[in-house]
Amino acid sequence: RRRRDPPPQKAGLHGITGTILAGSEVATALWRSKRFGEAAAFLRVQVPLARATMGPDDDLALTIVENLCIALRDADAARADLAEAETMLEETLERRRRVAGPAAATRACEETLATIRAKLRPE
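Here goes a summary of the coordinates provided. Owing to the predicted nature of the structure, the values given are computational and were not obtained by experimental measurement.

Things to note about the nonpolar core
Okay, so step 1: Membership of the largest hydrophobic core comes to 27 residues, with the highest contact counts inside it found for Ile64, Leu68, Cys69, Leu72 and Ile116.
Okay, so step 2: When contributions to this core are tallied by element, the ones reaching two or more residues are helix 1 (8–32), helix 2 (36–54), helix 3 (59–74), helix 4 (79–100) and helix 5 (104–120).
Okay, so step 3: Sequence-distant contacts of isoleucine 116, that is, excluding residues within four places in its chain, are made with Cys69, Arg73, Leu82, Ala85, Glu86 and Leu89.

Here it is as structure tokens:
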């Protein structure tokens, strides 16, 4: 009996989702190697792709945004980049609260936002 190929849309979406997931893993590897600037640059490309492909409320898309903000924080990015990270995290946290409620990912996002805000405070 011959197996049928999946419909083209599903195969295409799975392929793109797999690519985005693989990209997230590359960014994580860069971050773990303390190559925060490279991770941030890579994730800046991944964020719009993930949002456009999976939607702005998708868990993986939200995680990629959070990972970008963490990379910017850990790279000791310029104040303007940290302010951008704060804005992105505020939006992400709002989405997480609406979609997932008080889940672990929501709490983690709150904690990351707090660390970004601490870096933005004047010394």
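Remarks on unusual backbone geometry
Okay, so step 1: Although it is not a glycine, lysine 34 sits at a positive phi angle of roughly 65°.
Okay, so step 2: A positive phi angle, near 55°, is found at aspartate 76, a position not held by glycine.
Okay, so step 3: Summarising the element assignment, aspartate 76 is placed in the loop between helix 3 and helix 4.

Some details on the pattern of salt bridges
Okay, so step 1: In total, this model carries 14 salt bridges according to the counting rule given.
Okay, so step 2: Between glutamate 38 and arginine 35 there is a salt bridge; the shortest N-O distance is 2.8 Å.
Okay, so step 3: When its relative accessible area of 40% is taken as the criterion, glutamate 38 is described as partly exposed.
Okay, so step 4: Residues arginine 98 and aspartate 57 are paired through a salt bridge, measuring 3.0 Å at the closest nitrogen-oxygen approach. In this pair, arginine 98 is assigned in helix 4 and aspartate 57 in the loop between helix 2 and helix 3, connecting sequence segments 41 residues apart.
Okay, so step 5: By relative accessible area, arginine 98 is classed as partly exposed at 49%.
Okay, so step 6: Among the ionic contacts, a cluster of salt bridges with common partners joins Arg51, Asp57, Glu91, Arg95 and Arg98.

So, how was this worked out
Residues numbered from 1 in each chain as written. Predicted model: local features only at pLDDT ≥ 70, side-chain atom pairs only at ≥ 80, totals over all residues. Heavy atoms only, no water. Core = buried A, V, L, I, M, F, W, Y, C linked by side-chain atoms within 4.5 Å. Buried < 20%, exposed > 50% of the residue type's maximum accessible area, 1.4 Å probe, protein only. Helix = DSSP H or I, 4+ residues; strand = E, 2+ residues; numbered from the N terminus. Contact = heavy atoms within 4.5 Å. Salt bridge = Lys/Arg side-chain N within 4 Å of Asp/Glu carboxyl O.

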